[in-house]
Every structure is written in structure tokens, then in C-alpha cells.
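Geometric and topological summary
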Amino acid sequence: MISFLRWTPLLVLFGCAATGPAAKDASAPTLSDDGSFALTRVAESALPAGKCGMILWTLDERAPVPIFRYVAGETALVSINGAAVDLTLAETRGGGDYGVFEEQVFVGGAGYDARVVVNFGLGFEGGTYLERGVITVRSDTGWEIVAPTAGIAGCRKS
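Residues numbered from 1 in each chain as written. Predicted model: local features only at pLDDT ≥ 70, side-chain atom pairs only at ≥ 80, totals over all residues. Heavy atoms only, no water.

1. Structural notes on the overall build of the protein chain
To be explicit about the condition: Under the scheme used here, helices are H or I runs from DSSP no shorter than 4 residues and strands are E runs no shorter than 2 residues, and both carry numbers assigned from the N terminus. For the exposure calls, accessible area comes from a 1.4 Å probe over protein chains only, and a residue counts as buried if that area is under 20% of its type's maximum, exposed if over 50%, partly exposed in between. We call two residues in contact when some of their heavy atoms are within 4.5 Å. Values of accessible area rely on a 1.4 Å probe in the Shrake-Rupley scheme; residue burial ignores everything except the protein chains shown.
A tally of regular secondary structure across the protein chain gives zero helices and 10 strands. Scanning the protein chain from its N terminus toward the C terminus, one meets helices and strands in the order β-β-β-β-β-β-β-β-β-β. Taken across its 158 residues, the protein chain has 37% of its residues classed as buried. A fraction of 54% describes how many contacts in the protein chain between residues 6 or more apart in sequence connect residues 24 or more apart. When the accessible surface of the protein chain is totalled, it reaches about 8400 Å², and 53% of it is carbon and sulfur.

Below, the structure is given as C-alpha cells:
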């Protein structure tokens with residue numbers, strides 16, 4: 001059994017005071033009155049045929065929920081309060097495979113940035129498990145979500 005199935009649900013919100021109202025973007029997720037937000041299910045969680053990348057999950061009421069997808073060489077997708085937010089890879093560190101690295105920083109997306117840290121686990125045909133991961137998503141309003149993740153990195157055949 002994959003280790004992420006043993007985790008208890010955990011989403012932690014850390015906040016700090018914002019210095020004024022953020023400019024509203026039509027594509028930006030709707031935030032709570034205090035500016036807080038939540039990671040929600042990514043609607044398009046599968047990698048496209050013929051592409052490589054990663055998919056990350058966290059737990060919600062004992063079931064894995066896809067919260068992040070990155071297509072190598074393209075964009076990443078995270079869902080904030082039900083709204084899809086595209087992010088661009090800005091920085092990588094550590095070892096990697098399938099276009100995925102142990103530490104990645106994504107920027108852009110409607111006032112959000114994300115940092116993903118993962119450990120490569122057991123391999124399988126066409127991929128590898130990602131274990132003991134953490135995703136940190138920050139908004140330009142000063143709020144931050146830190147969530148445990150697990151997932152896969154690999155390539156999907158055509």
C-alpha cells in the first residue's frame with residue numbers, strides 16, 4: 001500500500017495581514033472575506049497522452065484527491081477554491097526524472113506561487129512514485145497553504 005493512504009487528513013493554513021485589498025482578476029479564484037483560500041480537486045488530473053510530468057494528491061475524508069498536475073515543459077495546474085490556476089515552472093533543485101525534480105518552484109497564476117518538494121520512491125514501468133511530499137501555495141494577499149502530498153511522476157503513452 002502506498003504511504004499516502006496512511007496519512008490523516010491535513011491542510012494547514014498560515015496567514016499574515018495583507019496590506020490592502022488585492023486587485024481582482026477575472027480568472028482569479030474567489031477568496032474568503034479574510035483572503036484565505038483552499039486547495040481543491042484538479043478537474044483535469046491525468047497527464048495528456050504522449051506527455052511526461054507529475055500528479056500530486058492529498059487526502060480529504062480518507063480518499064486521495066488530485067490537487068496538482070504538472071506537464072513537463074508546459075504548465076502546472078492547481079485548483080484554488082474550485083478555480084483552475086495555471087503556474088509556470090521557475091526553478092528546480094535536486095535530482096529528477098520525467099521532467100520532474102525533487103524541488104520545484106512555480107510562479108504566475110492569478111497571484112499564486114507554489115513550491116513542491118518530493119522524494120522519489122519505487123519505480124514502475126513508465127514512472128515512479130513520489131513520496132513524503134509537501135506543496136506550499138502562497139497568494140499575493142499573504143495567505144499560505146502547506147499540505148502533505150504523494151503522487152506519481154512519469155510519462156503517459158500515446
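2. Quick word on the packing of aromatic side chains
Short version of the rule: Each Phe, Tyr or Trp ring (for Trp, its six-membered ring) is paired with any other whose centre lies within 6.5 Å, and the angle between the two planes then decides the class: stacked below 30 degrees, edge-to-face above 60, tilted in between.
According to the stated counting rule, one finds four aromatic pairs in the structure shown. Arranged with centres 5.2 Å apart and planes meeting at 65°, the rings of Phe68 and Phe106 form a pair that is edge-to-face. Separated by 38 residues along the polypeptide, Phe68 in strand E4 (residues 63-71) and Phe106 in strand E7 (residues 100-108) bring together distant segments of the chain. Residue Phe68 is classed as buried on the basis of its relative accessible area of 1%.

3. Describing the nonpolar core
This is how the line gets drawn: Residues belong to one nonpolar core when they are buried, are Ala, Val, Leu, Ile, Met, Phe, Trp, Tyr or Cys, and are joined through side-chain atoms within 4.5 Å.
In terms of nonpolar packing, the biggest core is built from 26 residues, with Leu39, Met54, Phe68 and Phe106 touching the most fellow members. Mapped onto this core, the elements with two or more residues apiece are strand E3 (52-60), E4, strand E5 (75-80), strand E6 (83-97), E7, strand E8 (112-124), strand E9 (127-139) and strand E10 (144-155). Other than its neighbours up to four places away in sequence, Phe106 contacts Met54, Phe68, Tyr70, Ala76, Leu87, Thr88, Leu89, Ala90, Asp113, Ala114 and Val116.

4. Here's the deal with the pattern of salt bridges
Should the charged atoms of two oppositely charged side chains come close, the side chains can pair. Using the following cut-off: The salt bridge definition used is simple: a Lys or Arg side-chain nitrogen within 4 Å of an Asp or Glu carboxyl oxygen.
This model, assessed by the stated rule, comprises seven salt bridges. The shortest N-O distance in the salt bridge between Arg138 and Glu144 comes to 2.4 Å. By relative accessible area, Arg138 is classed as partly exposed at 43%. A relative accessible area of 19% means that Glu144 is categorised as buried. One network of salt bridges, in which partners are shared, links Glu91, Arg93, Glu103 and Arg115.

5. Examining the state of the cysteines
Applicable threshold: Pairs of cysteine sulfur atoms within 2.5 Å are identified as disulfides in what follows.
Taken as a whole, this structure holds one disulfide when the rule is applied. In this model, Cys52 is linked to Cys155 through a disulfide, with the two sulfur atoms separated by 1.8 Å. Classification of the bridge connecting Cys52 and Cys155 rests on its S-S torsion, roughly 95°, and on that basis the disulfide is right-handed. Of this pair, Cys52 sits in strand E3 while Cys155 sits in strand E10, and the two are 103 residues apart along the sequence.

6. Here we look at the confidence of the model for the protein chain
Atomic detail in the predicted coordinates should be set aside for any region of low pLDDT. This is how the line gets drawn: A score from 0 to 100, pLDDT tells how confident the predictor is in each residue.
For the protein chain, the mean per-residue pLDDT works out to 82, and 77% of the residues sit at or above 70. Counting contacts from residues 1-26, a segment whose pLDDT is below 50, to residues more than four positions away or on other chains yields 41 contacts.

7. Some words on the pairing of E8
Along any regular strand, the residues point their side chains to alternate faces of the sheet. We count it as follows: At least two bridges found by DSSP between two strands are what make those strands a pair.
Sheet analysis places E7 next to E8, joined by four bridges and oriented antiparallel. Across the sheet, Gln104 pairs through a bridge with Val116, a residue of E8. Between E8 and E9, which follow one another and run antiparallel, lie two residues, and Gly126 among them has a positive phi close to 90°.

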